[in-house]
Amino acid sequence: MSANLQQHDKFVAYCRQLLPGMVQSRLVNLGWLVLSLLASTDSHLSSLAEVIPLQATDLSLEQRLRRWLKNGASNVQAGYVPFGKESL
């Protein structure tokens, strides 16, 4: 099973409402990370990259996720608190 583009677009639109100040490129990568976590059998970056339906090598997608996760400009508190509140 792989994440699909329609799910991604819907999720990014939803994230845009919850995180209006987040840069578009970070929202896009957040969408791919979350959807690949749901579609993958484990949480290894190599496994997550395999289910992302983009025209890039798995290694390239793995690096993309790794860079996004290591990005110091991503504020975890601001990014995750809205999801936690919505879930509750």
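Residues numbered from 1 in each chain as written. Predicted model: local features only at pLDDT ≥ 70, side-chain atom pairs only at ≥ 80, totals over all residues. Heavy atoms only, no water.

Here the focus is the overall build of the chain. A count of helical and extended segments in the chain gives five helices and zero strands. Tracing the chain from N to C terminus, the helices and strands come up as α-α-α-α-α. Here the chain holds 88 residues, and 35% of them are scored as buried. Look at the contacts in the chain between residues 6 or more apart in sequence, and 50% of them connect residues 24 or more apart. Carbon and sulfur atoms make up 55% of the accessible area of the chain, which amounts to about 5,800 Å² in all. (Helix = DSSP H or I, 4+ residues; strand = E, 2+ residues; numbered from the N terminus. Buried < 20%, exposed > 50% of the residue type's maximum accessible area, 1.4 Å probe, protein only. Contact = heavy atoms within 4.5 Å. Areas by Shrake-Rupley, 256 points an atom, 1.4 Å probe, with all protein chains shown as cover.)

What follows covers the pattern of salt bridges. Side-chain pairing between opposite charges can occur once the charged atoms of the two side chains come close. Under the definition given, this model contains one salt bridge. A salt bridge links R66 to E62; the nearest nitrogen and oxygen atoms lie 3.2 Å apart. Linking R66 with E62, this pair stays in helix 4 (residues 58-70), spanning four residues, or about one helical turn. (Salt bridge = Lys/Arg side-chain N within 4 Å of Asp/Glu carboxyl O.)

Quick look at the packing of helix 2 (residues 24-39) against helix 4 now. Closest axis-to-axis distance for the helix 2/helix 4 pair is 10 Å, and the angle between their directions is 115°. For the pair helix 2 and helix 4, the sense of crossing is left-handed. For the pair formed by helix 2 and helix 4, the contact residues are R26, V28, N29, L30, W32 and L33 on the first element and R64, L65, W68 and L69 on the second. Taken together, the residues of the contact of helix 2 with helix 4 break down into seven nonpolar, one polar and two charged. (Axes fitted to C-alpha atoms, helices over the stretch in contact; angles between N-to-C directions. Left-handed = near helix turned anticlockwise from the far one by under 90°. Nonpolar A, V, L, I, M, F, W, Y, C, P; charged D, E, K, R; others polar.)

With that settled, consider the nonpolar core. Counting 17 residues, the largest nonpolar core has L30 and L65 as its most contacted members. Within the residue set of this core, elements represented by two or more residues are helix 1 (5-18), helix 2, helix 3 (45-50) and helix 4. Of the residues forming this core, the biggest block, five residues, is contributed by helix 2. (Core = buried A, V, L, I, M, F, W, Y, C linked by side-chain atoms within 4.5 Å.)

Before going further, it helps to spend a moment on helix 2. For helix 2, which comprises 16 residues, the first-to-last C-alpha distance of 23 Å matches the rise-based estimate of 22 Å (1.5 Å per residue) to within 8%. Three or more residues of helix 2 are buried, namely L27, V28, N29, L30, G31, W32, L33, L35, S36 and A39. (Expected span 1.5 Å × (residues − 1).)

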